[in-house]
Amino acid sequence: MSIRTVRLRAALPALAGAALLTGTLLSTPAQAAGGVRIYQVWYDSPGRDTRSNSSLNAEWVQIRNTGGTAVSLKGWVLKDASDHRYVFRGVSIGAGKYMKIHTGRGTDTATDKYQGRGAYVWNNDRDTATLTRPNGAGVSSCSWAKPGAGHKYC
């Protein structure tokens, strides 16, 4: 074994400890994406399903950035098990911020985005919300089965 190899092996524990302290080691895809994850899904809008815009917009997925920096969501996809897709345009989610993606129509803001659909996306009996990067790599998902409270924290 060379002296260089011995020195490198001796330095590895210190490097790993420094990486842990600075947060540079990322253990999950969500952490690698700045901590963006699905936080809550309201899959059954309150009241009767009338397909009115207000009823459609009461069905939503909320994402959260638990990281310390803003994350660009450009090209990211939110989809259900039937592959209904919402593609994020040039938008970012700030550090520690939440964002709701509503099913119906509306005017996008920093905290609320609208898919512009005229029909419900999320199934009440079972479904999976999945958030992916533009390359298709999974970031976060949330599944439910059987009707319950109409919403789920993920």
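The following paragraphs examine the structure supplied in this document. (Residues numbered from 1 in each chain as written. Predicted model: local features only at pLDDT ≥ 70, side-chain atom pairs only at ≥ 80, totals over all residues. Heavy atoms only, no water.)

## Quick look at the pattern of salt bridges
Turning to step 1, where the next piece is worked out: The final tally for this structure, using the stated rule, is two salt bridges.
Turning to step 2, where the next piece is worked out: Between Arg85 and Asp83 there is a salt bridge, and its shortest N-O distance comes to 3.0 Å.
Turning to step 3, where the next piece is worked out: The exposure class assigned to Arg85 is partly exposed, which follows from its relative accessible area of 42%.
Turning to step 4, where the next piece is worked out: Accessibility expressed as a relative area gives 41% for Asp83, which makes it partly exposed.
Turning to step 5, where the next piece is worked out: One salt bridge connects Asp108 with Arg89, and the closest N-O pair in it is separated by 3.8 Å. You can see Asp108 sitting in the loop between β7 (98-102) and β8 (112-114) and its partner Arg89 sitting in the loop between β5 (85-87) and β6 (92-93), a full 19 residues away along the chain.
Turning to step 6, where the next piece is worked out: Accessibility expressed as a relative area gives 35% for Asp108, which makes it partly exposed. (Salt bridge = Lys/Arg side-chain N within 4 Å of Asp/Glu carboxyl O. Buried < 20%, exposed > 50% of the residue type's maximum accessible area, 1.4 Å probe, protein only. Helix = DSSP H or I, 4+ residues; strand = E, 2+ residues; numbered from the N terminus.)

## With respect to the sheet that holds strand β2 (residues 60-65)
Turning to step 1, where the next piece is worked out: In spatial order, the strands read β8-β7-β2-β1-β11; together these five strands make up an open sheet with mixed pairing. Each edge of the open sheet is held by one strand with a lone partner, namely β8 and β11 (151-153). Pairs of neighbouring strands in the sheet enclose a mean axial angle of 25°, with direction left out of account.
Turning to step 2, where the next piece is worked out: The pairing of strand β1 (residues 36-42) with β11 spans three bridges and is antiparallel. Counterpart to Trp42 in the pairing with β11 is His151. (Pairing = 2+ DSSP bridges. Axes fitted to C-alpha atoms, helices over the stretch in contact; angles between N-to-C directions.)

## Things to note about the side chain of Ser140
Turning to step 1, where the next piece is worked out: As for its position among the elements, Ser140 is in strand β10 (residues 138-145).
Turning to step 2, where the next piece is worked out: Taking relative accessible area as the criterion, Ser140 reaches 13% and is therefore assigned buried.
Turning to step 3, where the next piece is worked out: Excluding residues that lie within four positions of it along the chain, Ser140 makes contacts with Val36, Arg37, Ile38, Ala129, Thr130 and Leu131. (Contact = heavy atoms within 4.5 Å.)

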